[in-house]
Amino acid sequence: MHNERKMCGVKCITFALWINILSVITEKTDFELELTPPKPVIHVGTDLELICKVKGCPVNVTFKWRALLDKFHGGKIKDEQTVSRLLIRNITTEHNIGVVCKVTCKGKTIEKTSNIKVFSFPQDPVLPKIKSLIANQTQKLNCTVHNVYPLERIQIEWLRGDKTLFVDQPEGSFDNVQSYSSVFSYTPSVSDLGKNISCKAKLNITEIGLEKTRSSNAEYGPGTITISSNNPSVKLGEHLEITCQADGNPQPTILWWKEETEPAQIKSQNGKLIINNASRSQAGWYRCDASNAVGSQQRRVKVIVLGPPNIPKIQLSQRGDPKEGENITILCSSDDGSAGLTLYKQSAASGALNKQAVLLNIPSVQITDGGIYICEAKNDFGTERSTINITVEALPDVVKMADLPVAILPAAGSVSLLTIAGLLIRYCRKKARTNSSNITLS
């Protein structure tokens with residue numbers, strides 16, 4: 001009987017041990033642990049709160065926070081019965097780690113890890129203002145992205161409109177927040193005018209599903225000014241429209257000015273110069289001014305009003321009728337540069353074309369030089385004339401003689417030598433009247 005009891009005791013103890021071992025092996029943790037957020041993606045400079053929450057263990061819960069690889073840089077911990085909160089302020093690149101929350105309940109321990117991924121991309125790219133961009137002229141452009149992390153994951157793309165001009169990316173590996181400048185030599189074409197220049201920066205961290213894009217448009221002053229007609233002309237009474245366009249950002253303001261007036265007059269404010277019922281007073285130089293907050297440019301164009309020439313002017317170089325023997329000049333002029341001028345005595349053409357002034361010099365004018373002189377302006381659209389009637393005053397006769405040589409001989413004994421000399425001069429002048437006058441044209 002004693003032996004039977006001894007064998008039962010050994011067997012009972014062995015059975016109890018196996019029951020306990022099996023109970024430990026098959027035992028399930030009767031509480032759960034939740035750590036949020038599990039994979040936070042956080043910007044440098046912001047705050048992050050991690051929450052560690054226990055379910056199924058209402059009392060005697062112990063929390064402990066630590067970092068993987070012992071690189072944890074602290075934070076503020078607040079424990080409440082079944083919840084512990086870790087607040088990390090002003091995240092830096094050194095927080096790019098895993099943080100572990102360890103919980104002990106009823107002598108049992110569970111832990112979970114939150115893997116923090118840090119990035120920095122705080123602002124849009126910065127482009128300096130560009131004074132002007134002129135077609136076919138090369139210029140260096142600069143685009144800077146500030147305070148980026150990780151810098152090796154940034155890509156910069158230059159665009160004109162929707163067209164990619166250049167792609168740039170930093171080389172190497174960077175541990176801290178960095179800035180990067182992309183420099184691009186750009187030669188704009190005429191077809192590019194009117195399209196925005198932009199710098200697009202993209203931060204792409206594919207392993208955590210992060211893609212951030214920022215872009216900025218370049219501001220630049222007017223460069224290339226385009227006018228619809230470089231040599232505009234319009235007929236009298238007709239309509240003329242000229243368009244002025246300028247490339248720039250912000251969009252330039254276009255003003256048309258009429259020059260040769262005091263002060264210069266604004267003729268348009270919408271990029272179009274419109275002339276209705278063209279008159280001669282509307283001919284002349286016009287200026288297109290293009291300006292924005294960055295700069296300004298201007299371009300001039302001459303408007304020609306086509307029609308019959310203006311009435312020319314004809315003038316005598318002196319007031320009153322000239323006296324016989326004086327030197328005179330006749331001036332024919334016009335303020336219309338499109339007309340050719342001719343100056344001539346009626347029924348005796350002489351002159352020069354395509355000049356704004358014609359001079360006719362007559363030395364020692366004679367009675368026979370008197371008459372009507374015509375100043376004529378002519379172009380493809382008509383002819384205009386002005387006239388002047390010139391009368392030459394004769395010198396008074398000192399002696400009336402039929403034949404001076406016959407009269408001189410009998411008078412030689414009774415008159416003085418001075419009288420004879422005067423008669424000779426008078427005779428010579430009388431003979432000269434029968435000859436044609438010497439006329440010089442310039």
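Structure shown above.
What you see is a predicted model; the values in this text were computed from it and never measured.

Definitions and limits used
Residues numbered from 1 in each chain as written. Predicted model: local features only at pLDDT ≥ 70, side-chain atom pairs only at ≥ 80, totals over all residues. Heavy atoms only, no water. Helix = DSSP H or I, 4+ residues; strand = E, 2+ residues; numbered from the N terminus. Buried < 20%, exposed > 50% of the residue type's maximum accessible area, 1.4 Å probe, protein only. Areas by Shrake-Rupley, 256 points an atom, 1.4 Å probe, with all protein chains shown as cover. Pairing = 2+ DSSP bridges. Axes fitted to C-alpha atoms, helices over the stretch in contact; angles between N-to-C directions.

Across its full length, the chain carries three helices and 30 strands. A burial count over the chain gives 35% of its 442 residues as buried. Roughly 26300 Å² of accessible area belongs to the chain as shown, and the carbon and sulfur atoms make up 51% of that amount.

In this section: the pairing of strand β24 (residues 313-316). The alternating pattern of β24 places I314 and L316 on a buried face, while none of K313 and Q315, on the opposite face, is buried. When β24 meets strand β25 (residues 328-333), the two strands line up antiparallel, connected through four bridges. Within the sheet, the bridge partner assigned to K313 lies in β25 and is S333.

What follows concerns the sheet that holds strand β18 (residues 240-246). Ordered by their spatial adjacency, three strands build an open sheet running β16-β18-β21, and the pairing between neighbours is antiparallel. Each having just a single partner strand, β16 (225-227) and β21 (272-275) make up the two edges of the open sheet. On average, each strand axis in the sheet is tilted by 15 degrees relative to the strand beside it, whichever way the strands run. Taken together, the three bridges between β16 and β18 define a ladder with antiparallel strand orientation. Across the sheet, residue I225 finds its bridge partner in β18, namely A246.

With that settled, consider the pairing of strand β1 (residues 32-36). Only one face of β1 is covered, namely the face carrying L33 and L35; the face carrying E32, E34 and T36 is uncovered. Here five bridges tie β1 to strand β3 (residues 48-55), and the two strands are oriented antiparallel to one another. For T36, the partnering residue across the bridge sits in β3 and is I51.

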